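Residues per chain are reported as follows:
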Amino acid sequence: MKTLDVVAAIIEKDDKILLAQRPAHADQPGMWEFAGGKVEAGETQPEALIRELREELGIEALPAQYVASHQREVSQRLINLHAWHVPAFSGALTAHYHSALAWCTPEEAFGYTLAPADIPLLEAFIVLRDARPAGSC
């Protein structure tokens, strides 16, 4: 079975996180996910995330902190999904790949049809966020 390392960005702004809707032609069409993509040979996870967010959303991201990883089998592939907190970015968000983008609180995100692999990452982010001292990034 092919194994892929994939990075996911939990982009946060004004206490809300960004969800992106998978396009009709992708695996899991219409589901909501954290933007990101495959780690290419020779790339670190943050480097892959910066490249993917530039390609998918047209932004320059500043990944700050590793959040969690989750392993899941999808379409006969073993996906190692690694989430990173992105509390800052520059540029205007544009959905180059996804069919829609939405800002919501982490708790509101559970009301979206989330890609199953992203749910444990969201849960880990909420635990990390709740453990942060008030006012810190």
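The model shown is predicted, which means the values in this text are computed figures rather than measured ones.

**Quick look at the packing of aromatic side chains**
- Enumeration according to the criterion identifies two aromatic pairs in this entry.
- Considering the side-chain rings of W32 and Y112, the 5.0 Å spacing of their centres and the 70° angle between planes classify their relative orientation as edge-to-face. With W32 in strand β3 (residues 32–33) and Y112 in the loop between β9 (100–104) and α2 (119–131), this pair connects stretches of sequence that are 80 residues apart.
- For Y112, a relative accessible area of 28% gives the class partly exposed.

**Some thoughts on the nonpolar core**
- Core analysis: the largest hydrophobic core is formed by 23 residues, its most contacted members being I10, I17, L19, F34, L81, L121 and L122.
- Apart from residues lying up to four places away in sequence, L19 is in contact with W32, E33, F34, A100, L101, A102, C104, A109, Y112 and L114.
- Counting 14 residues, the second largest nonpolar core, distinct from the first, contains V7, A9, L49 and I59.

**Re the pattern of salt bridges**
- According to the stated counting rule, one finds eight salt bridges in the structure shown.
- Note that E33 and R22 form a salt bridge whose closest N and O atoms lie 2.7 Å from each other. One end of the pair, E33, is in strand β3; the other, R22, is in the loop between β2 (16–21) and β3, and eleven residues separate them in sequence.
- With a closest N to O distance of 2.6 Å, E60 and R54 form a salt bridge.
- For E60, a relative accessible area of 34% gives the class partly exposed.

**Considerations on the environment of E73**
- Position of E73 among the secondary structure elements: in strand β6 (residues 65–74).
- Of the residues examined, E73 reaches a relative accessible area of 48% and is grouped as partly exposed.

Conventions we followed
- Residues numbered from 1 in each chain as written.
- Predicted model: local features only at pLDDT ≥ 70, side-chain atom pairs only at ≥ 80, totals over all residues.
- Heavy atoms only, no water.
- Phe/Tyr/Trp six-rings, centres within 6.5 Å; stacked < 30°, edge-to-face > 60°.
- Helix = DSSP H or I, 4+ residues; strand = E, 2+ residues; numbered from the N terminus.
- Buried < 20%, exposed > 50% of the residue type's maximum accessible area, 1.4 Å probe, protein only.
- Core = buried A, V, L, I, M, F, W, Y, C linked by side-chain atoms within 4.5 Å.
- Contact = heavy atoms within 4.5 Å.
- Salt bridge = Lys/Arg side-chain N within 4 Å of Asp/Glu carboxyl O.

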